[in-house]
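Survey of secondary and tertiary structure
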Amino acid sequence: MRVARAGIDIGGAAVFPEHRILVTQPSDGVYKAFSAVCTHQGCAVTDVDGDVVKCPCHGSKFRLTDGSVAKGPAQRPLPERAVMVDGNTLIVS
Ligand code: FES
C-alpha cells in the first residue's frame, strides 16, 4: 500500500487506520512502519503522544522508534512492516 509522507514529522508518526498501519520517522528521511493492531487484545492503536503511540483499550504504549512496549499490559512489540520511500509517498508491504 502507498501512504503520503506529508504529515509524518521527524520524531513523529501517523496512524493510517484504513490500512491498519503506523508509520514513524525516527530520524530525518528514515521511516519505519508497524502494524497498528495492539498485541494485547487487538484494538487499533490510535493516539501518537510524544515518542509513543497509545492503545485506547487498556492503555498499552509502544515506542515509535522500534514498536517495543513502553507500557503494558501488552507484552509483545508491534510487528514491523517493510517500508520504502518513493518520492512523496511510502510503499509499505
Ligand atoms: S488491546 Fe491494547 S491495551 Fe488491551
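Presented here is an overview of the structure given in this document. (Residues numbered from 1 in each chain as written. Predicted model: local features only at pLDDT ≥ 70, side-chain atom pairs only at ≥ 80, totals over all residues. Heavy atoms only, no water.)

This brings us to the overall build of the chain. Along its length, the chain carries 0 helices and 11 strands. Along the chain, from the amino end to the carboxyl end, the secondary structure elements read β-β-β-β-β-β-β-β-β-β-β. Principal axes of the C-alpha set define a box for the chain whose edges measure 40 × 20 × 15 Å. When contacts within the chain are restricted to residue pairs at least 6 apart in sequence, those whose partners lie at least 24 apart make up 36%. For the chain, the accessible area works out to roughly 4,900 Å², and carbon and sulfur atoms hold 51% of it. (Helix = DSSP H or I, 4+ residues; strand = E, 2+ residues; numbered from the N terminus. Contact = heavy atoms within 4.5 Å. Areas by Shrake-Rupley, 256 points an atom, 1.4 Å probe, with all protein chains shown as cover.)

So, about the sheet that holds strand 8 (residues 69–71). One open sheet accounts for 4 strands, arranged 5-6-7-8; its pairing is antiparallel. Among the strands making up the open sheet, the edge pair consists of strand 5 (47–49) and strand 8. Averaged over neighbouring strand pairs, the angle between their axes works out to 35 degrees when direction is ignored. Both strand 6 (residues 52–54) and strand 7 (residues 61–63) contribute to a ladder of 3 bridges, which runs antiparallel. By the bridge assignment for strand 7, V53 is matched with F62. (Pairing = 2+ DSSP bridges. Axes fitted to C-alpha atoms, helices over the stretch in contact; angles between N-to-C directions.)

A separate point is unusual backbone geometry. Of the consecutive residues G72 and P73, the connecting peptide bond is found in the cis state with omega at 20 degrees. The topology assignment puts P73 in the loop between strand 8 and strand 9 (80–81). Located in the positive-phi region is R20, a residue other than glycine, with phi close to 55 degrees. Mapping R20 onto the fold places it in the loop between strand 2 (13–16) and strand 3 (21–27).

Attention now moves to the state of the cysteines. Within this structure, the stated rule accounts for 1 disulfide. Between the sulfur atoms of C43 and its disulfide mate C57 the distance is 1.9 Å. Looking down the S-S bond of the C43 and C57 bridge, the torsion is -90 degrees, so its handedness is left-handed. One end of the pair, C43, is in the loop between strand 4 (30–35) and strand 5; the other, C57, is in the loop between strand 6 and strand 7, and 14 residues separate them in sequence. Here C43 falls in the partly exposed class, since its relative accessible area comes to 22%. Judged by its relative accessible area of 38%, C57 falls in the partly exposed class. (Disulfide = S-S within 2.5 Å. Buried < 20%, exposed > 50% of the residue type's maximum accessible area, 1.4 Å probe, protein only.)

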